[in-house]
Amino acid sequence: MKCRARVESIVNPEELPIDPKQRALDPFCGSPARSASPAGLRSSRRPSIGSTGLIASLVAAVLACDRGGDVDAGTEGNASSPMAAESPRDASGEGAPARDPLKQAYYGDLHVHTSWSLDAFAFGVRVGPEDAYRFARGGEIDHISGVRTKLAGPPLDFIAVTEHANYLGVASQAMSPESEARAIPLLRDFLSADAKTSGAAMAQIFAHLSSDELIPELNRSDWAQSTWQELIRLADQHNRPGEFTALVGYEYTPMPEGQNLHRNVIFRGSNVPVRPFSDLDSKHPEDLWAWMEKARATGDDVLAIPHNANGSNGLMYERVDSAGKPIDARHAEIRLRNEPISEIYQIKGQSEAHPALSPADEWAGFEMLEGLLGRPAVKSRPHGSYVRRALMDGLELEAAGLPNPYRMGMIGASDSHNATSPVEEDNFTGKLGTLDGTPEARLQLGDGNAAGLAVGSAKTGSPFGSGGLAGVWAHSNTREDLFDAMRAREVFATSGPRIAVRLFGGFDLEGADLESGIAAAGYERGVPMGGVLEAKAGDARPATFLVEAIQDPREAPLERIQIVKAWVGPDGKAQEKLYDVACAGGAAPDPTTHRCAIASRPPDPATCRIAPDQGQAELSAAFTAPDYQPGERSFYYARVLQVPTCRWSSWDALRLKVPPLPGAVAFLQERAVTSPIWIEPPGRGAEWESTEDGEGDPSAKTAAEHASGKRAFEH
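Residues numbered from 1 in each chain as written. Predicted model: local features only at pLDDT ≥ 70, side-chain atom pairs only at ≥ 80, totals over all residues. Heavy atoms only, no water.

**Q** Please explain the sheet that holds strand E13 (residues 527-528) as it appears in this structure.
**A** What links the strands of a sheet is backbone hydrogen bonding, and the strands pair in either a parallel or an antiparallel sense. Spatial ordering of the open sheet is given by E13-E12-E15-E18, a layout of four strands whose pairing is antiparallel. Of all the strands in the sheet, the pair left with one neighbour each is E13 and strand E18 (618-623). Two strands pair when backbone bridges link them, and strand E12 (residues 500-506) and strand E15 (residues 544-550) are joined in this way by seven bridges, in the antiparallel orientation. Bridge pairing links phenylalanine 504 to leucine 546 in E15. Contacts from helix H15 (residues 518-525) reach E12, E13 and E15 within the one sheet, and its direction differs from that of E12 by about 35°. (Pairing = 2+ DSSP bridges. Helix = DSSP H or I, 4+ residues; strand = E, 2+ residues; numbered from the N terminus. Contact = heavy atoms within 4.5 Å. Axes fitted to C-alpha atoms, helices over the stretch in contact; angles between N-to-C directions.)

**Q** Would you mind going over H15 with me for this structure?
**A** The α-helix advances 3.6 residues per turn, and as a result positions three or four apart in sequence lie on the same side. Within H15 the residues assigned to the buried category are Ile518, Ala519, Ala521 and Gly522. Projection of H15 onto a plane perpendicular to its axis shows the buried side chains occupying an angular sector of 170°, all on one side. Those residues of H15 that are buried lie in contact with E12, helix H14 (513-516), E13 and E15. (Buried < 20%, exposed > 50% of the residue type's maximum accessible area, 1.4 Å probe, protein only. Arc of directions from axis to C-beta.)

**Q** How do you make sense of the pattern of salt bridges when you look at a structure like this?
**A** Between side chains of opposite charge, pairing is possible as soon as their charged atoms come close. Under the definition given, this model contains 50 salt bridges. Aspartate 279 is the salt-bridge partner of lysine 283, the closest N and O atoms lying 3.8 Å from each other. Take aspartate 279: its relative accessible area is 3%, and that puts it in the buried class. Between arginine 388 and aspartate 361 there is a salt bridge; the shortest N-O distance is 2.8 Å. (Salt bridge = Lys/Arg side-chain N within 4 Å of Asp/Glu carboxyl O.)

**Q** Help me understand the pairing of strand E6 (residues 263-267) in this model?
**A** Regular strands place their side chains on alternate faces of the sheet. In terms of residue burial, E6 counts as a mostly covered element, since five of its five residues are buried. On E6, burial covers both faces: Arg263, Val265 and Phe267 on one face and Asn264 and Ile266 on the other are all buried. Where strand E5 (residues 245-252) and E6 come together, four bridges link them in antiparallel fashion. Of the residues in E6, the one forming a bridge with tyrosine 252 is arginine 263. Two strands pair when backbone bridges link them, and E6 and strand E7 (residues 302-306) are joined in this way by five bridges, in the antiparallel orientation. Directly across from phenylalanine 267, in E7, lies its bridge partner valine 302.

**Q** I tried to follow the pairing of E18 on my own but got confused; where do I start?
**A** The buried fraction of E18 is high, at five of six residues. Inspection of the sheet shows E15 paired to E18 by six bridges, in the antiparallel sense. Bridge pairing in E18 places glutamate 548 opposite serine 620.

**Q** Looking at this structure, how should I read the packing of helix H3 (residues 129-136) against helix H7 (residues 221-238)?
**A** If you want to describe how two helices pack, look at the angle between their axes and the distance between the axes. Taken N-terminus to C-terminus, the directions of H3 and H7 make an angle of 25°; their axes are 10 Å apart at the nearest point. Considered as vectors, H3 and H7 are oriented roughly parallel to each other. As H3 packs across H7, the resulting crossing turns out to be right-handed. Residue-level contacts link Pro129, Glu130 and Tyr133 of H3 to Leu231, Leu234, Ala235, Gln237 and His238 of H7. Looking at the contact of H3 with H7 residue by residue, the classes come out as five nonpolar, two polar and one charged. (Parallel < 35°, antiparallel > 145°, perpendicular 65-115°, else oblique. Left-handed = near helix turned anticlockwise from the far one by under 90°. Nonpolar A, V, L, I, M, F, W, Y, C, P; charged D, E, K, R; others polar.)

**Q** Is there a simple way to explain the environment of glycine 409 in this structure?
**A** Within the secondary structure layout, glycine 409 lies in strand E9 (residues 409-412). Remark: the alpha-carbon pair of glycine 409 and serine 342, spanning 67 residues in sequence, is separated by 6.2 Å. The residues touching glycine 409, leaving out its near neighbours within four places in the chain, are Pro340, Ile341, Ser342, Arg489, Val491, Ser675 and Pro676.

**Q** Mind showing me how you'd approach the packing of helix H8 (residues 285-298) against helix H9 (residues 329-338) here?
**A** Packing of H8 against H9 brings their axes to within 10 Å, and their N-to-C directions diverge by 65°. The angle between the axes of H8 and H9 places the two elements in the roughly perpendicular class. Note on packing geometry: the crossing formed by H8 with H9 is left-handed. On H9, the residues touching Glu286, Trp289, Met292, Glu293 and Arg296 of H8 are His331, Ile334, Arg335, Arg337 and Asn338.

**Q** What should I look at first to understand unusual backbone geometry in this one?
**A** Most peptide bonds take the trans form, and the phi angle of most residues other than glycine is negative. Positive phi values are uncommon outside glycine, yet glutamate 257 reaches one of about 55°. Tracing the sequence through the fold places glutamate 257 in the loop between E5 and E6. One non-glycine residue, lysine 657, lies in positive phi territory at about 55°. By the element assignment, lysine 657 lies in the loop between helix H16 (648-656) and strand E21 (667-668).

**Q** I keep staring at the state of the cysteines and nothing clicks. Help me out?
**A** Covalently bonding the sulfur atom of one cysteine to the sulfur atom of another cysteine gives a disulfide. One pass over the full model with this rule turns up two disulfides. With a sulfur-sulfur separation of 2.1 Å, cysteine 583 is cross-linked through a disulfide to cysteine 596. Taking the torsion about the S-S bond as the criterion, the cysteine 583 to cysteine 596 disulfide, at about -85°, is left-handed. Of the two residues, cysteine 583 sits in strand E17 (residues 574-583) while cysteine 596 sits in the loop between E17 and E18, which places them 13 residues apart along the sequence. No difference in accessibility class separates cysteine 583 from cysteine 596, as the two residues are buried. The side chain of cysteine 608 participates in a disulfide bridge whose partner is cysteine 646; the two sulfur atoms lie 2.1 Å from each other. (Disulfide = S-S within 2.5 Å.)

What is shown is where atoms sit, not what they do.
In structure tokens, the structure reads:
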């Protein structure tokens, strides 16, 4: 008989436990000896478990900018995962963390800034990397609003502090009264007690940042190098294998004419170059990848994660390179190796799908922020700015006999600049210091924020969302296992809640595997999210996809699971289709519309409570596409939707006892999205793979092969 998780749906934040030890039981009855794979999930067919030009330029610049210490007593690292059991130590490994062969779900944030990023420092943030680690592990830290802040829910499993590489060291130097940085006229004026002088200097700094113009006096390689070395030391100091992972990383921030091409660069270990590569070295991503290839050949493996493609004006996922030349096999291979995953949810909007690109997807308009990051009044071109369409472009390139640079997994992150991960709607504390650090500032009430600036409008409030988190299926909570899972694309994105979702696909999988355990069956007879299935010649069987999801115990129940399919038609053009595959309540989706007959009700606006008879704690399904064609080139990924809950804007209005803003989004459907599984026609391995070793998908190389420099090339 299967164990049943005790999952309680708590909908009033005042009733939520804030002690990180108060967690829901593991889906396997909390047994520390059992695998943390979601094998105990049941089929969804069963019953559920119980201003001025100055202001304008500053706002534009803020939208352009992307984006430690001992943990408080009583916090723990790994127990935050709703699908994870306790992580026992390996008796044979001298205290090394045990490695679960069927993997566990870990949650973290690979996009966190502190006062050591120049934009955060400029807006009054004074908490540093030590505070970021303390916050992630459940501790309490100072906030720009004057209050202390902490996660209302459990700690995170991992983070990367990703300070901006451009002008790295300037902010940390400026915070020291003895530093020579304070003698630089621009910084001296910025730090002036005179508001007019300080404001003019701030405007000058951000005008340069938003236009990607060099500020020579602040471009100090010695400051960047020493600060980078300190960031590496702090990551090593706070890294606790098996309990909490601190990854070494930073942000690369080119923004040609305000068009976002930012990436977070994440290393597998701490054997890294002496200083980071920034947009002041080159604004072309190809040059970043070349630097990464050399870093990988002489040190630890490394990957880059594009983010906020929604503000790239279509430049993030183009079919040409930075010079305007069509993508060739070498370019595609290098990109695929260096950028195996992309960030689709964060504070500055989502980059999964756009209503204009996916008009048949009723849920594509989630948390939209469509302006260019450096010029918010200008709308970003959708094509090339959203991952689903980029994945489809990749299929078309392959169908035309060209390489596919866009075989990407998907994650979420926050892009907080307050040393926090403010992903909880009922506990949202803003993105960037004084800009939006109080409910009054976010809702545009009174004089706004302490700097006298405004972001958004009095009708809609701040345009920012609450960000997202990365979910990673890994053998253990260690740098090596988490990184290798990211490289293999066995990752998923959440819009904030710790929804646990798993996807497997295979030609030999079947619905009965939902009862016996999809992880064991999926790894043995199929591939997990991020994997590639190659059809066998003469085999007309369609693939079966097994998907399971569990709600975050602190969050609302789940409404439905969906499968997004895209394939290349006879005309060489990619098409997409959305299927509901599991419905709360157990009813089957309509066979014609492929939609659940569910009409979820929004929460009570007076209390933000959701109706108790909605949703389900667990959902699962076995799905075989009814329109599958043998030999098709396609991909499939899963999306899980919660029942509607209040957005941060509604919670802020309730706290301040003011009416909701008329143009603000009042409620939303939080979600999780898996990485895709691709189906390739027979013989795919000979189509475009590397001529250097002919061994298939370059993103599937082992960490040892990457570290050896075997696949490095000359520049």
